[in-house]
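Descriptive structure summary
This is what each chain is made of:
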Amino acid sequence: MKQAFLTVDLGFGDAGKGSVVDYLVREHDAHTVVRYNGGAQAGHRVVTPGPAPQEHVFAQFGSGALAGAATHLSRFMLLDPLAMLQEEKHLRTLGVADAFDRATIDAQALVITPFQRAVNRLKELSRGGLRHGSCGMGIGETMADRLAYGDRALLAGDLGDPDVLRAKLGFLRTANLAKARGLDLRLAGFEAAQAEWQTLVDDSWIDWLIDAYPAFAARAQIVPGQHLHAILRRPGAVVFEGAQGVLLDEWGGFHPHTTWSATTLHNAHCLLAEAGYGGAVTRIGVTRAYMTRHGAGPLVTEDAALTAALPDPANGFGAWQQGFRLGWLDLVLLRYARELVGPLDWLAVTCLDRLALLPELNVCRRYRCDGGALDRLAPSPIPHNLVYQEGLTHLLARCQPVLEPAESPAMLLNLLATELGVPVGLTSHGPSAEHKCMAAQRV
């Protein structure tokens, strides 16, 4: 029997997708985790079960690696070879010596270069206090270069060819240096801006990368797109792991505080259709029991007291995203995310154990806005309409939450299932697989 589990974060990211993927791999003995969007900016924390737990924050390897699953990075992933090498080093310290042996990378996956990462950071620095909330990893600039320059963008399949590398890296460095020269950096801190600028003007970078990238290609298994078709023909379970969250989607999120990536299930469905997959499919929406947002952008139910009451060691202040913010469970935003995603089979709700730290439990089903009540955000009737999405951003800035008490976590779960029209299938009461249970097992 073949089974595909598709996971998607219904919020702004940080919902606990990594731990859910790890659980699914263990529970269903899944042979492969397929990454279907995002890139090295992911931070999917997995803690192994047992008396001597191990911990790893997955960025590019699939979050089932500690449970023995293989990884496939689809063509929708953005690859940072240098960061992936560092991630593999940490996996080795945990006893995973064959991470690259069990990983395959689609030859058409885009490669993030240090030049694109530098311009990404310079742009964010130039915004001063009006940051977009970027992770500073170069995702947006790499996607922009692909759209602007087509085949001159660097692909995973190019990494073993020094001649192609020299031509493409030289072009991308020149193109990104031109972007940087067009920025107004008066609002940027001098030392931070100088460090990124140096990456763009240092002639030694290209020579170093022409050595480093082929060395990566010799270790990694870079494969044609049809390789995924063979993976999906194998019996057993496959888990599709999403990155970031639906509310950050490039076309459905709240512009400009979004990512250059499709964060719905669109890419996952596309990959299954291309492979002619005929097995069972289970679509799982993941959310914490409260809202989170790392970095700038709207968060209507944000509560400073809640943020202080639930400090998150894995999501502190970051140099690029900056503050980690918490808010009460926002059913207006989650209903909007549910509409963007389409059909879901069940919900996975994480961080329920942390609710015991709170003196009260609240939920938001509607907002006060412009003198009236608002309980639904309508997706744009016209696809790819950033003007509409920016209008939603301005609308949310004018909204205040109407909070209602939830007497217990069980009531919160029932309300969540009712409001979204999707049953809660998995609950998580801690960081590892042993802290998770299917709905039928709940007491």
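One can find the structure itself at the top, above this paragraph.
So, here is what we can say about the structure in this document. (Residues numbered from 1 in each chain as written. Predicted model: local features only at pLDDT ≥ 70, side-chain atom pairs only at ≥ 80, totals over all residues. Heavy atoms only, no water.)

1. Re the overall build of the chain
Across its full length, the chain holds 13 helices and 20 strands. In summary, the chain has a C-alpha radius of gyration of 21 Å against a globular reference of 22 Å for 443 residues, a match within 12%. If one aligns the C-alpha atoms of the chain with their principal axes, the spans along those axes are about 65 × 55 × 45 Å. Partitioning the contacts of the chain with sequence separation of at least 6, the portion at a separation of at least 24 is 80%. With the model as given, the accessible surface of the chain reaches about 17800 Å², and the carbon-plus-sulfur share is 54%. One way to put it: in the chain the 39 positive side-chain charges average out to a point 2 Å from where the 45 negative ones average out. (Helix = DSSP H or I, 4+ residues; strand = E, 2+ residues; numbered from the N terminus. Rg over C-alpha atoms; globule rule 2.2 N^0.38 Å. Contact = heavy atoms within 4.5 Å. Areas by Shrake-Rupley, 256 points an atom, 1.4 Å probe, with all protein chains shown as cover. Lys, Arg positive; Asp, Glu negative; His and termini not counted. Charge placed at Lys NZ, Arg CZ, Asp CG, Glu CD.)

2. So, the environment of L79
Summarising the element assignment, L79 is placed in strand β6 (residues 78-79). With 34 residues separating them in the primary sequence, L79 and T113 have C-alpha atoms 9.0 Å apart. Discounting residues that sit within four places of it in the chain, L79 has contacts with Q60, L73, M84, I105, L110, V111, I112, A156, L159 and F216.

3. Considering the nonpolar core
L10, F240, F254, L333, Y367 and L377 are the most contacted members of the largest nonpolar core, which has 66 residues in total. Once residues within four sequence positions are removed from consideration, Y367 is found in contact with V300, D330, V332, L333, G372, A373, L374, L396, C399, Q400, P401 and V402. If you look at the next biggest cluster of nonpolar residues, it comprises 42 residues, including L66, L73, L165 and L209. (Core = buried A, V, L, I, M, F, W, Y, C linked by side-chain atoms within 4.5 Å. Buried < 20%, exposed > 50% of the residue type's maximum accessible area, 1.4 Å probe, protein only.)

4. Considering the sheet that holds strand β2 (residues 32-35)
Pairing is mixed in the open sheet, where 10 strands are placed in the order β9-β7-β5-β2-β10-β1-β11-β15-β19-β20. The sheet is open, and its two edges are formed by β9 (221-223) and β20 (436-438), each paired on a single side. Here the strands of the sheet are splayed against their neighbours by 25° on average, with no regard to which way each runs. By the bridge criterion, 4 bridges tie β2 to strand β5 (residues 70-73) in an arrangement that is parallel. Residue pairing in the sheet places V33 in a bridge with T71 of β5. (Pairing = 2+ DSSP bridges. Axes fitted to C-alpha atoms, helices over the stretch in contact; angles between N-to-C directions.)

5. Regarding the packing of aromatic side chains
Enumeration according to the criterion identifies 6 aromatic pairs in this entry. Taken together, a centroid distance of 5.8 Å and an interplanar angle of 80° make the contact between F100 and F216 edge-to-face. On the criterion of sequence distance, the pair formed by F100 in the loop between α2 (81-93) and β7 (103-106) and F216 in helix α7 (residues 204-219) is long-range, its members being 116 residues apart. For the pair formed by F100 and F216, the shared burial category is buried. With a centroid separation of 5.6 Å and 25° between ring planes, the pair formed by F254 and Y336 is classed as stacked. Here F254 is found in the loop between β10 (236-241) and α9 (266-274), whereas its partner Y336 is found in helix α11 (residues 331-341), with 82 residues between them in sequence. Y336 shares its class with F254; the two are buried. Among the aromatic residues, those joined into a ring-pair cluster are F12, F254 and Y336. Taking NZ or CZ as reference, R152 lies 3.7 Å from the ring centre of F171, over its face. (Phe/Tyr/Trp six-rings, centres within 6.5 Å; stacked < 30°, edge-to-face > 60°. Lys NZ or Arg CZ within 6 Å of the ring centre and 35° of its normal.)

6. Observations concerning unusual backbone geometry
In this structure, P256 follows H255 across a cis peptide bond, with omega equal to 10°. Position of P256 relative to the elements: it lies in the loop between β10 and α9. Unlike most non-glycine residues, D29 shows phi in positive territory, near 50°. Within the element layout of this structure, D29 appears in the loop between α1 (17-28) and β2. In this structure D29 comes out as exposed when scored by relative accessible area, which is 65%. Positive phi, close to 55°, is recorded for D370, a residue that is not glycine. On the secondary structure map, D370 appears in the loop between β16 (362-369) and β17 (372-374).

7. So, the side chain of R173
In this fold, R173 is placed in helix α5 (residues 162-181). With a relative accessible area of 15%, R173 lands in the buried category. When sequence neighbours within four positions are dropped, the list of residues in contact with R173 reads F115, L200, V201, D202, D203 and I206.

8. What about helix α12 (residues 386-397)?
The end-to-end C-alpha separation of α12 is 17 Å, in line with the 16 Å expected for 12 residues at 1.5 Å each. All of the buried residues along α12 are Q389, L392, T393, L395 and L396. Looking straight down α12, one finds that the buried residues subtend no more than 165° of arc, so they occupy a single side. For α12, the exposed residues lying more than 90 degrees away from the buried face are V387 and A397. (Expected span 1.5 Å × (residues − 1). Arc of directions from axis to C-beta.)

9. Examining the pattern of salt bridges
Under the criterion given, the structure shown has 24 salt bridges. Among the ionic contacts, a cluster of salt bridges with common partners joins R335, R365, R366, E404 and E419. (Salt bridge = Lys/Arg side-chain N within 4 Å of Asp/Glu carboxyl O.)

10. Quick look at helix α13 (residues 409-420)
Over its 12 residues, α13 extends 16 Å from the first C-alpha to the last, a length consistent with the 16 Å expected when each residue adds 1.5 Å. Against β11 (280-288), β14 (329-330), α11, β15 (346-350), β16 and β19 (424-428) lie the buried residues of α13. G421 sits one or two positions beyond α13 and adopts a positive phi of about 70°.

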